[in-house]
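# Structural overview
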Amino acid sequence: MTLFDTTLFDKRRPAEGKPARTPQKAARKARKEAARAKARRNGLDERLLGPRPKHRKQHRTLFLSDIHLGTPGCKAELLLDFLRHNDAETFYLVGDIIDGWRIKRSWYWNAAHNAVVQEFLRKARKGATIVYVPGNHDEALRDYTGLNFGGVDVIGEAIHETADGRRFLVIHGDQFDSVVRYAKWLAHLGDRAYGLALALNNWLHEIRRFFGLSYWSLSAYLKNRVKNAVEYISSYEQAVARSARDRGVDGVICGHIHHAEIRDFDGVLYCNDGDWVESCTALAEDETGALSLITWQTFSWDTDLANGETEPADEDDLTTVPTAA
Ligand SMILES: [Mn+2]
């Protein structure tokens, strides 16, 4: 007779009444768990690696620019969420997609940045046309215009014809910096000072949150308050629209100044698809040829929960795998 019953200390209790797990199910569960662990390790939300959403919005064309992959300011996870919910026959990447300037100085890359690149290549494999118009931050690609990489065409500038027959010049837009009086301002803002403003912004946000204050964007404040900035944006828009009129097109689609807008300049439509550093915006064309701006600042699951939906119950999550001690 023993004094102590050692089985009391045995952590591994026999599973009672649990159905036998099939090997396939166990393998699937293991794969899922591995993907989750990888997502956690890389700081990427696991919901972005889950099954693709059933209801995707189909556009005729999507225009995106100023993603700035390779910089910490890039909102790659939001973009990934956007790309999983929005599809198009043709994608135009209107410059500053991969930030070459920064890559030369310091390199910032994570799983979300990788996933964005994979998502575009996947869309190309599935039959989407992807046109890459390089900008000033990825100007190294301008040496490769006319080439095709993994289904992505690199073109210096493109002419896009909408479903209703209008012709648009698609161009990044840095070409107009020299035309505009306040070009120096953007050259600085576009690089070091702008990066600093964004970093300060994150830091300020943390301090304000500590004191219970609401979100306040320093970079947005600067942009709206600095007189030169406002003047710059408006003279930039005019210069781009003027050039489009000279070219005899119905409108122009560009990026570069991180300020999304659709505006008519005496019959020439100026469209700026914004950016994925601050505003998280894209320009979309529907089947009728109508153009509109999409803002994607919230994750799809946050929106679903706000609409009163609950997170879908995952039957695999309800059972637990007995793990070896
Ligand atoms: Mn640019």
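Definitions and limits used
- Residues numbered from 1 in each chain as written.
- Predicted model: local features only at pLDDT ≥ 70, side-chain atom pairs only at ≥ 80, totals over all residues.
- Helix = DSSP H or I, 4+ residues; strand = E, 2+ residues; numbered from the N terminus.
- Buried ≥ 20, exposed ≤ 12 C-beta atoms within 10 Å, placed from the backbone.
- Contact = placed C-beta atoms within 7 Å.
- Pairing = 2+ DSSP bridges.
- Right-handed = clockwise from strand over helix to strand, strands pointing away.
- Core = buried A, V, L, I, M, F, W, Y, C linked by C-beta atoms within 7 Å.
- Expected span 1.5 Å × (residues − 1).
- Axes fitted to C-alpha atoms, helices over the stretch in contact; angles between N-to-C directions.
- pLDDT = per-residue confidence, 0-100.
- Parallel < 35°, antiparallel > 145°, perpendicular 65-115°, else oblique.
- Left-handed = near helix turned anticlockwise from the far one by under 90°.

Attention now moves to the overall build of the protein. Looking only at helices and strands, the protein has 10 helices and 12 strands in total. Within the protein, buried positions represent 31% of all 325 residues. Within the protein, residue pairs in contact and separated by at least 24 positions form 69% of the contacts whose partners lie at least 6 positions apart.

Before going further, it helps to spend a moment on the pairing of strand β2 (residues 86-93). Sheet analysis places strand β1 (residues 57-64) next to β2, joined by seven bridges and oriented parallel. Directly across from His59, in β2, lies its bridge partner Ala88. With respect to chirality, the unit in which β1 leads through helix α2 (residues 76-85) into the neighbouring parallel β2 is right-handed. With four bridges connecting them, β2 and strand β3 (residues 129-132) associate as parallel partners. Among the inter-strand pairings, Phe91 is bridged to a residue of β3, identified as Ile130.

Time to look at the nonpolar core. The biggest cluster of nonpolar side chains holds 56 residues, and the ones touching the most others in it are Leu93, Val94, Val252 and Ile253. Among all residues touching Ile253, those that are not within four sequence positions of it are Phe63, Val94, His160, Phe168, Val170, Cys271, Asp273 and Leu283.

We now examine helix α4 (residues 111-125). Every α-helix winds through 3.6 residues per turn, so residues three or four apart in the chain are directed the same way. Compared with an ideal rise of 1.5 Å per residue, which puts 15 residues at 21 Å, α4 spans 21 Å between its outermost C-alpha atoms and is within 8% of the ideal. Considered for burial, the residues of α4 that qualify are Ala111, Ala112, His113, Ala115, Val116 and Phe120. The inward-facing, buried residues of α4 abut α2 and β3. Two residues or fewer past α4, Gly127 is found with a positive phi of approximately 110 degrees.

With that settled, the discussion passes to α2. Within α2, seven of the 10 residues are buried, which leaves the element mostly enclosed by the surrounding structure. Looking only at α2, the buried set comprises Ala76, Glu77, Leu79, Leu80, Asp81, Phe82 and Leu83.

Spatially, β6-β7-β8-β10-β9 is the arrangement adopted by the five strands of the open sheet, whose pairing is mixed. Two strands in the sheet have a free side with no partner beyond their single neighbour: β6 (158-161) and β9 (261-265). Taken over all neighbouring pairs, the strand axes of this sheet differ in orientation by 20 degrees on average, direction set aside. As paired strands, β6 and strand β7 (residues 167-170) are joined by four bridges and run antiparallel to one another. Residue pairing in the sheet places His160 in a bridge with Phe168 of β7.

Structurally, the position occupied by Arg36 is in helix α1 (residues 23-41). Its 14 C-beta neighbours within 10 Å are what place Arg36 among the partly exposed residues. Each C-alpha atom, one on Arg36 and one on Glu46, is 5.6 Å from the other, the two residues being 10 residues apart in sequence.

Time to look at unusual backbone geometry. Phi at Asp66 is positive, roughly 50 degrees, even though this residue is not glycine. Take Asp66: it is sitting in the loop between β1 and α2. Unusually for a residue other than glycine, His256 sits at a positive phi of about 75 degrees. By the C-beta count within 10 Å, which is 27 here, His256 ends up buried.

Here we take up the confidence of the model for the protein. Taken over all residues, the pLDDT of the protein has a mean of 80, while the share at 70 or more is 70%. Counting interchain partners and residues more than four positions distant, the pLDDT-below-50 stretch residues 312-325 has six contacts.

Before going further, it helps to examine the packing of α2 against α4. It is at 8 Å that the axes of α2 and α4 come closest, and there the two elements cross at 30 degrees. The pairing of α2 with α4 is recorded here as roughly parallel in orientation. Between α2 and α4 lies a crossing of left-handed hand. Note on element contacts: α4 touches α2 through Ala112, His113, Ala115, Val116 and Glu119, opposite Ala76, Glu77, Leu79, Leu80 and Leu83.

Reading across from one edge, β4-β5-β3-β2-β1-β11-β12 is the order of the seven strands in this open sheet, with mixed pairing throughout. A strand with exactly one partner marks an edge of an open sheet, and here the two such strands are β4 (148-149) and β12 (291-295). By the bridge criterion, five bridges tie strand β11 (residues 281-285) to β12 in an arrangement that is antiparallel. Within β12, the residue paired with Glu285 across the bridge is Leu291.

Right, let's talk about the pairing of β11 for a bit. Counting buried positions over the five residues of β11 gives four, a clear majority of the element. In terms of strand pairing, β1 meets β11 through three bridges, oriented antiparallel. Residue Thr61 lies in a different strand from β11, and its bridge partner there is Glu285. Linking two consecutive strands that pair antiparallel, namely β11 and β12, is a turn of five residues; a positive phi of about 95 degrees is found at Gly289 within it.

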